[in-house]
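Notes for the structure review
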Amino acid sequence: MSKLLTIDGLTVSFPTPAGGRNEVVKRASLTIAPGEVHGLVGESGSGKTMIARAILGLLPPGGRIDGGSIKFDGQELLGLDNESLRKLRGARIGMVFQEPLTSLNPALPIGKQLAESLALHSDLSDAEIRKRSIEMLAAFRMPDPEGCLSRYPHEFSGGMRQRIMLASVLLPRPALLLADEPTTALDVLVQKQVLDLAASVCRDLGTAILLITHDLGVVASYCDQVTVMRYGEVLNDGSVEQILLNPSDPYTRKLLDSLPKRGEGGPRTTAIGDELLRVENLEVHFKKRRFFWQTPIVKRALAGVDVSIGKGETLAVVGESGSGKTTLGRTVAGLAKAASGRVLFDGTPVEQGGRALRSRVQMVFQDPFSSLDPRWRIGRVVGEGLRHTDVPKAERAALVRQTLVDVGLTEQHYDRFPHELSGGQRQRVAIARAVVMRPELIIADEPVSALDVTVQAQILALFRDLQVKFGFSYLFISHHLGVVEQVSDRVVVLYQGRVVEEGTRDQIFDDPRHPYTRALLSAVPDIRPAPGGGWHVEVRDLERVPPPDGRSFIEDGLAPVDLIEIAPGHRIAVAA
Amino acid sequence: MLRYAALRLLATIPTLFLVAVIVFGLIRLVPGDPASIMIGDSADPDMIEQVRKSLGLDKPVLVQFFVWLGNLLEGDFGRSITTGEDILPAMLTRLRVTAGVVLASIVVALLFALPAGIYAAWRQNSRVDFAIVTGVIVALSVPSFWVGILLMLVFGVNLHWLPVVGYVSIGDDFINGVRYLILPVAALVMVEMGTVARMTRSSTIEVLRLDYITHARAKGAPESRVLWKHAFPNAFAPTLTVIGLLLGHMLGGVAVIETVFTLPGLGRFLVDAISSRDYPVIQGCLLLVALIRVMVNLLVDLLYPLFDPRVRL
């Protein structure tokens with residue numbers, strides 16, 4: 001079969017501050033057949049995005065193609081004049097980006113943005129373009145496709161916007177779709193929905209896809225062929241079966257080994273002690289008003305939430321964006337105010353605990369780039385909290401240095417600035433900042449979500465080692481089920497501000513009951529080691545099981561619920 | 001939106017009241033008594049006392065304030081102590097002069113500064129960008145009265161193309177009115193162009209980095225379309241705020257320029273009133289200035305949704 005896209009020996013470089021050039025793509029080659037779904041995998045900085053940008057001739061400023069060739073449909077793209085390239089863009093090769101919140105123009109209505117590439121590349125009448133736009137939105141199952149045209153991007157959720165984005169790119173029926181992490185910013189349920197729709201529409205149109213992602217599960221379940229990159233070089237290229245499921249290359253194997261899995265790091269060595277944290281019937285509201293004399297609009301973030309954490313226990317809180325999981329963490333830390341209900345830490349209400357209690361609860365945030373003050377040296381960042389403790393001044397520096405070693409950094413990092421460190425190292429600093437206080441509870445809000453999979457595995461191992469060493473309890477907030485399955489003792493599933501299911505890790509992952517938990521679990525394709533060597537893709541297909549005693553699940557998150565216990569410690573929400 | 005505008009107008013009442021209190025109080029803290037300035041330092045104390053009485057300045061300050069406020073509510077700003085003019089019509093005549101100069105200069109400034117700012121952002125770090133940025137710095141650093149004097153020297157004194165001092169209303173004599181406006185407008189345009197071009201450039205640079213711009217290019221849109229259709233509306237919203245601030249600031253009187261070109265504008269009216277401690281005129285002018293600012297801000301806020309549909313009023 002003739003190839004649609006052939007990249008051969010492509011080299012892309014960027015200028016370095018020192019005046020030299022840094023090659024971010026090194027003699028990379030890959031081919032895509034018409035209609036094929038081709039995965040391009042690699043960690044951040046591997047050069048995968050630059051390949052897609054180079055195909056369209058849209059490298060960021062400073063980027064330069066130093067050699068190689070890109071042939072699309074028999075035509076060499078490198079050296080092509082801007083006008084001819086412009087005619088290919090959008091018409092024959094479409095591109096979607098990761099961030100649905102910034103890839104649609106906020107100032108233009110959806111209809112105009114959909115129509116744009118067809119209007120640019122064809123002589124179709126406005127009425128015909130409008131008709132096709134509506135058809136395409138309908139193909140992406142947008143509710144009220146006709147009404148969508150006159151609405152603006154901010155009126156839609158992230159998943160909807162990404163569907164609109166895909167519809168707009170696929171409208172001119174391109175032969176090739178470049179999709180750069182198209183679903184990474186989306187919740188798991190939405191991710192599955194969007195990918196399923198995109199795959200089916202592309203199949204109907206015969207459009208080939210270059211799917212750039214760091215998510216091996218996505219590649220394994222949607223792609224035919226896969227290319228693995230590291231440090232700008234193509235390491236491996238072939239069918240998913242051969243490359244991903246039976247890898248021979250050590251780096252690919254390392255990537256697969258880094259995927260989180262249950263029981264990683266051996267059985268737990270510490271016993272779970274008495275109750276440390278108890279949250280009772282917690283309700284948290286957000287208020288918003290435009291003029292000071294108006295009555296505020298109340299938005300309920302959490303309602304009737306009961307959870308507890310024992311000493312040395314890891315409780316994971318799972319849910320999609322907007323489910324209230326971050327608010328729960330902030331309320332426990334005393335950073336958000338409860339409208340009603342109680343948060344008891346070691347028997348004392350959090351709001352009465354004052355500063356002494358603050359130092360017993362520490363937080364680790366998601367983004368290691370914005371959670372550290374760029375003007376502070378690491379030693380100062382980590383040591384700041386100690387000023388409020390009774391650790392003598394003379395011993396603080398030594399304690400900070402020791403803690404840096406404890407989290408896997410070196411004492412030399414003490415005098416460095418955050419920008420000198422990698423993302424993984426910064427997250428270690430953020431952890432050190434919490435650990436140095438010797439807290440009893442660490443609230444970790446998506447602590448590994450911004451990290452590459454190999455770094456993620458190291459940080460998760462660190463969390464575990466620290467727990468064994470110091471006996472911390474963790475409130476581990478995450479949307480990533482694989483990570484949760486690896487680290488948690490117990491799991492709470494939040495949906496629209498309510499607990500819908502709660503149980504031990506094994507109860508939740510082996511015997512999920514609530515339809516929402518089940519949907520979450522079946523949306524994630526897992527790559528697991530196969531019994532006979534190699535790996536296989538496991539997709540859970542869970543049938544709906546009705547709750548016991550003739551009770552029923554609720555569909556609407558606002559209706560009142562009861563939590564009933566179906567097994568020791570395993571509770572599910574049913575209609576009251 | 002109408003409801004929003006009405007509520008915002010209501011919310012200006014406390015603001016204006018506060019302004020009235022502050023203006024009234026501050027003026028009385030300034031040393032110098034209108035009566036003694038009026039008749040001169042050598043006058044005998046009895047006479048000064050008599051004048052004070054006739055102006056109502058002998059009453060307690062609080063009484064004076066409420067008398068003034070009461071009259072204001074009836075639309076009466078009072079009369080000037082020095083000239084005896086009715087203040088409201090006097091202010092409005094002078095505001096017309098200031099507004100003419102300021103609005104004309106803003107329009108001219110936008111015509112040049114917006115394209116310049118956008119072009120500089122599009123070709124960031126190029127030679128043209130460098131030239132535009134240098135021009136902006138010069139325009140912002142050179143005082144406008146000095147530019148005014150230079151313009152008067154070159155086009156008025158040396159070339160005799162345009163009149164140097166004075167003012168003719170456009171309404172009375174259009175051609176001559178325009179001739180009298182050209183130099184003051186030109187002097188103001190410099191600063192405005194500098195401010196607007198700098199803001200446009202930086203907000204366009206921000207916008208050009210965003211995904212939807214790359215996406216527009218990936219759709220095959222030509223650069224002119226990318227800039228004007230996709231970048232400009234988004235980059236203009238922050239610029240609009242700056243234009244609003246500038247406009248509110250300048251409509252309150254461009255005293256220096258009005259003095260250089262001897263224009264009978266609001267700014268000069270206020271400055272003259274301050275030097276003669278003409279309390280009612282000062283109070284009236286400052287209140288009017290505050291009202292203008294509030295209205296311009298409201299106008300900008302009402303225009304915002306046109307450029308940023310995410311803003312709902």
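Predicted, not measured: the structure shown is a model, and the values here were computed from it. (Residues numbered from 1 in each chain as written. Chains lettered and ligands numbered in written order. Predicted model: local features only at pLDDT ≥ 70, side-chain atom pairs only at ≥ 80, totals over all residues.)

**Some remarks on helix α1 (residues 48-56) of chain A**
Residue and element names in this part refer to chain A.
- Along α1, 7 of the 9 residues are buried, which leaves the element largely enclosed by surrounding structure.
- Looking only at α1, the buried set comprises Lys48, Thr49, Met50, Ile51, Ala54, Ile55 and Leu56.
- One or two residues past the end of α1 sits glycine 57, with phi positive at roughly 70°. (Buried ≥ 20, exposed ≤ 12 C-beta atoms within 10 Å, placed from the backbone. Helix = DSSP H or I, 4+ residues; strand = E, 2+ residues; numbered from the N terminus.)

**Some points on the UniProt feature "domain: ABC transporter" (unreviewed entry) in chain A**
- Under the present numbering, the feature "domain: ABC transporter" (unreviewed entry) in UniProt falls on residues 5-256 and 277-521 of chain A.
- Helix and strand shares over residues 5-256 of chain A are 38% and 27% respectively, and the end C-alpha atoms of the span are 28 Å apart. (UniProt positions renumbered as here; feature names shortened; annotations may be inferred.)

**So, the sheet that holds strand β10 (residues 233-239) of chain A**
Residue and element names in this part refer to chain A.
- Here we have 6 strands laid out as an open sheet, ordered β6-β7-β8-β3-β9-β10, and mixed in their pairing. Both outer strands of the open sheet, β6 (93-96) and β10, are each paired with one neighbouring strand and no more. Geometrically, the sheet is characterised by an average inter-axis angle of 15° between neighbouring strands, direction not taken into account.
- Strand direction decides the pairing type here: strand β3 (residues 37-41) and strand β8 (residues 208-213), joined by 5 bridges, are parallel. What sits directly across from histidine 38, in β8, is leucine 210. (Pairing = 2+ DSSP bridges. Axes fitted to C-alpha atoms, helices over the stretch in contact; angles between N-to-C directions.)

**Comments concerning the nonpolar core**
- One finds Leu176(A), Val219(A), Val332(A), Leu475(A) and Cys285(B) to be the most contacted residues of the largest nonpolar core, which totals 228 residues.
- Setting aside residues up to four positions removed in sequence, Cys285(B) forms contacts with Met91(B), Leu266(B), Phe269(B), Leu270(B) and Ala273(B). (Core = buried A, V, L, I, M, F, W, Y, C linked by C-beta atoms within 7 Å. Contact = placed C-beta atoms within 7 Å.)

**Things to note about the domain arrangement of chain A**
Residue and element names in this part refer to chain A.
- In terms of domains, chain A is made up of domain 1 (5-249), domain 2 (259-289 + 299-360 + 439-546) and domain 3 (373-436).
- When each unit is reduced to the centre of its C-alpha atoms, the spacing between domain 1 and domain 2 is 34 Å.
- On the domain 2 side, the residues contacting the 14 residues of domain 1 number 19 residues.
- Broken down by secondary-structure element, the contributors of at least two residues to the side of domain 1 that touches domain 2 are α7 (188-205), α8 (216-222) and α9 (240-245).
- Per element, the largest residue contribution to the side of domain 1 that touches domain 2 is 4 residues, and it comes from α8.
- In terms of residue class, the side of domain 1 that touches domain 2 is built from 6 nonpolar, 5 polar and 3 charged. (Domains from an automatic or database assignment. Nonpolar A, V, L, I, M, F, W, Y, C, P; charged D, E, K, R; others polar.)

**Quick word on the environment of Ala444(A)**
Residues and elements named next belong to chain A.
- Here alanine 444 lies in strand β17 (residues 441-445).
- Taking the C-alpha atoms as reference points, alanine 444 and proline 560, 116 residues apart in sequence, are found 30 Å from one another.
- Discounting residues that sit within four places of it in the chain, alanine 444 has contacts with Val364, Tyr474, Phe476 and Ile477.

**What to know about the packing of helix α10 (residues 250-258) of chain A against helix α16 (residues 453-470) of chain A**
All names here are of chain A.
- For the pair α10 and α16, the least separation of the axes is 8 Å and the interaxial angle reads 45°. The angle between α10 and α16 places the two elements in the oblique class. Crossing angle aside, the handedness with which α10 passes α16 is left-handed. In this structure, α10 uses Lys254, Leu255 and Ser258 to contact α16, whose residues at the interface are Val453, Thr454, Gln456 and Ala457.
- A class-by-class count of the residues in the contact of α10 with α16 yields 3 nonpolar, 3 polar and 1 charged. (Parallel < 35°, antiparallel > 145°, perpendicular 65-115°, else oblique. Left-handed = near helix turned anticlockwise from the far one by under 90°.)

**Some details on the interface of chain B and chain A**
- Listed per partner, the contact involves 20 residues of chain B and 23 residues of chain A.
- Taken together, the elements giving at least two residues each to the side of chain B that touches chain A come down to α1 (2-29), α9 (211-218) and α10 (223-251) of chain B.
- In terms of residue count, the dominant contributor to the side of chain B that touches chain A is α9(B) (6 residues).
- Considering only residue class, the side of chain B that touches chain A consists of 10 nonpolar, 5 polar and 5 charged.

**Quick word on the packing of helix α15 (residues 423-435) of chain A against α16(A)**
Residue and element names in this part refer to chain A.
- Two elements in contact, α15 and α16, have axes separated by 10 Å at closest approach and are oriented at 15°. Considering the angle they form, α15 stands roughly parallel to α16. Crossing of α15 over α16 shows right-handed handedness. Of the residues in α16, those touching α15 at Gly423, Gly424, Gln427, Arg428, Ile431 and Val435 are Val455, Gln458, Ile459, Leu462 and Leu466.
- When its residues are assigned to classes, the contact of α15 with α16 shows 6 nonpolar, 4 polar and 1 charged.

**Notes on the sheet that holds strand β13 (residues 314-318) of chain A**
Residues and elements named next belong to chain A.
- Ordered in space as β16-β17-β18-β13-β19-β20-β24-β23, the 8 strands form an open sheet in which the pairing is mixed. The sheet is open, and its two edges are formed by β16 (361-364) and β23 (561-567), each paired on a single side. For this sheet, the mean inter-axis angle between neighbouring strands, taken without regard to orientation, is 20°.
- Two strands pair when backbone bridges link them, and β16 and β17 are joined in this way by 4 bridges, in the parallel orientation. Following the sheet pairing, valine 364 is matched in β17 by alanine 444.
- Along the sheet, α15 contacts β16 and β17; its crossing angle with β16, the most-contacted strand, is approximately 175°.

**Re the pairing of strand β20 (residues 498-504) of chain A**
Residues and elements named next belong to chain A.
- Summarising burial for β20: 6 of the 7 residues are buried, a large majority.
- Alignment of strand β19 (residues 490-495) against β20, held across 6 bridges, turns out to be antiparallel. Following the sheet pairing, tyrosine 495 is matched in β20 by arginine 498.
- In this structure, the hairpin formed by β19 and β20 is closed by a connection of 2 residues, where glutamine 496 is found at a positive phi of approximately 50°.
- Summarising the sheet, β20 and strand β24 (residues 570-575) pair through 2 bridges and their orientation is antiparallel. Within β24, the position partnered with glutamate 501 by the bridge is isoleucine 572.

**Focus: the domain arrangement of chain B**
- With domains assigned, chain B is organised as domain 1 (16-73) and domain 2 (93-277 + 292-307).
- Taking the mean C-alpha position of each, domain 1 of chain B and domain 2 of chain B sit 38 Å from one another.

**Section: the pairing of strand β1 (residues 5-15) of chain A**
Residues and elements named next belong to chain A.
- As paired strands, β1 and strand β4 (residues 64-72) are joined by 7 bridges and run antiparallel to one another. Across the sheet, residue aspartate 8 finds its bridge partner in β4, namely serine 69.
- As defined by bridge partners, β1 adjoins strand β2 (residues 21-32) across 8 bridges and the pair is classed as antiparallel. Looking across to β2, one finds that valine 12 is bridged to valine 25.
- Hairpin connection between β1 and β2: a loop of 5 residues separates the two successive antiparallel strands, and glycine 19 in this loop has a positive phi of roughly 105°.

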